[in-house]
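# Report on the structure
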Amino acid sequence: MKTITICGGGNLGHVVAAYLAAKDGLEVRLLTRKPALWHSELLLRLPDGGSQTARLAAVTDDARRAVSGADMVLLCLPGYSIAPVLATIAPHLAHTTLVGSVVSSTGFFDQALRLLPAHSQLFGFQRVPFIARTEVYGSIACLLGRKQLLRVATEGVEAPQSFADSLASLLDTPVELLSSRYEASLSNSNPLLHPARLYSLWHDWQPGTVYPRCPMFYAEWTDEASRIYVAMDDELHGLIRRLPMPADSLPSVLSYYESDTVEALTAKLRSIEAFRAIAAPMVECDGGYAPDLGSRYFKEDFPYGLDLLIRQAHNCGLDVPTMQMVARWGQKMIDYGKQ
């Protein structure tokens, strides 16, 4: 694999592009809506306090220039941007190009199967490989943490194990192949994690309500958020048992976070160092702070996360009352944000 195109200039786009571009013999291009704001040379700050520099081969908003001849195209995009970008790059893809997404739980596989040429080679991560932040847009990125094992689903890939080995080498992390795309598409990470916390913070919010301070999203996580998170996770696992995928393919949130109780889960989420500096999505206003109803926590994790799980559950004839309760509240908040 010699040429990789990264689509998206958000936090993950910055870090993934810089991480891969630092590797010898690899040409990395970036497709972004804001090419004029990028430098060709990037600085990547590492978790151990060190850093590395990398040079991009191209930064462009021209899909043809970005993806023509690429061995791999990797989408680092929010859910609402996946379909438009897939439609834009589709005419320029070679049949040998691998197309994947760092986030699969926002509808990537369904949209790719619908929008890309037949027999496209697709892959998607179960969880994002890096915890990423942008320090200076288009110039300096921060890799705050990384997964110790990556699980990836493929669809139509000609040599899945060989591809997994190549991906492991690119990301310097072991890669395990999943047995179906459902295992990557159905996630109890952001689509449940973020809505549970948002609901616990603001389920009684009304327009005009102002808060005196902006809480930390994880460092001040509560037992109420954990209880909602675990209840939705239980409903998700009820769905998994009705789908053609191994029942144990997605660990429960208690298992994943090595917690036996709701209280232990709260303590664990509060203790994760890479998350401690993340504040709740709020905006300053007269008298204090209000929820940022235009943030990706609302724009992505409800319509392109939680709602997808609910629709899949309904397709299987399964009731998911906690998910529905949180989703109805989230839609109400999104509607407030449009007013």
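You'll find the structure just up there.
As the structure is a prediction and not an experimental result, all values here were calculated from the model. (Residues numbered from 1 in each chain as written. Predicted model: local features only at pLDDT ≥ 70, side-chain atom pairs only at ≥ 80, totals over all residues. Heavy atoms only, no water.)

### What to know about the pairing of strand 1 (residues 3–7)
This is how it is decided: When a residue's accessible area, from a 1.4 Å probe over protein chains only, is under 20% of the maximum for its type it is buried; when over 50% it is exposed; and in between it is partly exposed. Strands are runs of DSSP state E lasting at least 2 residues, helices are runs of H or I lasting at least 4, and numbering of each runs from the N terminus. When DSSP finds two or more bridges between a pair of strands, those strands are recorded as paired. The handedness rule is simple: strands pointing away from the viewer, and a clockwise path from the first strand over the helix to the second, make the crossover right-handed.
Counting buried positions along strand 1 yields five of five residues, so the element is predominantly enclosed. What you see with strand 1 is no split at all: Thr-3, Thr-5 and Cys-7 on one side and Ile-4 and Ile-6 on the other are buried throughout. Pairing of strand 1 with strand 2 (residues 27–31), which is carried by five bridges, proceeds in the parallel orientation. Across the sheet, residue Ile-4 finds its bridge partner in strand 2, namely Val-28. Following the chain from strand 1 across helix 1 (residues 11–21) to the adjacent parallel strand 2, one finds a crossover that is right-handed. As defined by bridge partners, strand 1 adjoins strand 6 (residues 72–75) across four bridges and the pair is classed as parallel. The partner of Thr-5 across the bridge, within strand 6, is Val-73.

### A look at the sheet that holds strand 6
This is how it is decided: Here, axes are lines fitted to C-alpha atoms. For helices the fit covers the stretch in contact, and angles between N-to-C directions go from 0 to 180 degrees. Contact definition: two residues touch when any of their heavy atoms are within 4.5 Å.
What the eight strands build is an open sheet, ordered 5-2-1-6-7-8-11-12; its pairing is mixed. Edge positions in the sheet fall to strand 5 (58–60) and strand 12 (175–177), since each of these pairs with one other strand and no more. Averaged over all pairs of adjacent strands, the angle between strand axes in this sheet comes to 25°, irrespective of strand direction. Across the sheet, helix 1 lies against strand 1, strand 2 and strand 6, angled at about 165° from strand 1, the strand it touches most. Of the strands in this sheet, strand 6, strand 7 (98–101), strand 8 (121–125) and strand 11 (150–155) are in contact with helix 4 (residues 108–115), which crosses strand 8 at around 165°.

### Observations concerning the pairing of strand 3 (residues 41–45)
Residues of strand 3 alternate between two faces, with Leu-42 and Leu-44 buried on one and Glu-41, Leu-43 and Arg-45 left unburied on the opposite face. Two strands pair when backbone bridges link them, and strand 3 and strand 4 (residues 51–55) are joined in this way by five bridges, in the antiparallel orientation. Residue pairing across strands places Arg-45 opposite Ser-51, the latter belonging to strand 4. Hairpin connection of strand 3 to strand 4: five residues between the antiparallel strands, including Gly-49 at a positive phi of 95°. Note: strand 3 against strand 10 (residues 140–146), three bridges, orientation parallel. Across the sheet, residue Arg-45 finds its bridge partner in strand 10, namely Cys-142.

### Focus on the sheet that holds strand 10
Working definition: the strands of a sheet are paired by backbone hydrogen bonds and lie parallel or antiparallel to each other. What the four strands build is an open sheet, ordered 4-3-10-9; its pairing is mixed. Two strands in the sheet have a free side with no partner beyond their single neighbour: strand 4 and strand 9 (130–136). In this sheet, adjacent strand axes meet at a mean angle of 25° when their direction is disregarded. Along the sheet, helix 1 contacts strand 3, strand 4, strand 9 and strand 10; its crossing angle with strand 9, the most-contacted strand, is approximately 95°.

### Describing the packing of helix 7 (residues 190–202) against helix 13 (residues 321–338)
Applied cut-off: If an angle is under 35 degrees, it is roughly parallel; if it is over 145, roughly antiparallel; if it lies from 65 to 115, roughly perpendicular; otherwise it is oblique. By convention the crossing between two helices is left-handed if the near helix lies anticlockwise of the far one by an angle smaller than a right angle, and right-handed if it lies clockwise. Residues are grouped as follows: Ala, Val, Leu, Ile, Met, Phe, Trp, Tyr, Cys and Pro are nonpolar; Asp, Glu, Lys and Arg are charged; all remaining types, including Gly, are polar.
Following both chains from N to C, one finds helix 7 and helix 13 inclined at 70°, their axes separated by 10 Å at the closest point. With respect to their mutual orientation, helix 7 and helix 13 come out roughly perpendicular. At the point where helix 7 passes helix 13, the crossing takes the left-handed sense. Between helix 7 and helix 13, the contacting residues are Leu-192, Pro-195, Leu-198, Tyr-199 and Trp-202 on the first element and Met-323, Met-325, Val-326, Trp-329 and Met-333 on the second. Here the contact of helix 7 with helix 13 is composed, by residue class, of ten nonpolar, no polar and no charged.

### Considerations on the pattern of salt bridges
Oppositely charged side chains are able to pair whenever their charged atoms sit close together. Our working definition: Here, a salt bridge means any side-chain nitrogen of Lys or Arg that lies within 4 Å of a carboxyl oxygen of Asp or Glu.
What the rule picks out here adds up to ten salt bridges. Note that Glu-176 is salt-bridged to Arg-151, the shortest N-O span being 2.9 Å. Here the residue Glu-176 occupies a position in strand 12, and Arg-151 occupies one in strand 11, the gap between them amounting to 25 residues. Since its relative accessible area comes to 35%, Glu-176 is described here as partly exposed. The class for Arg-151 is partly exposed, based on a relative accessible area of 28%. One salt bridge in this structure joins Arg-181 and Glu-155, with 3.6 Å as the shortest N-O distance.

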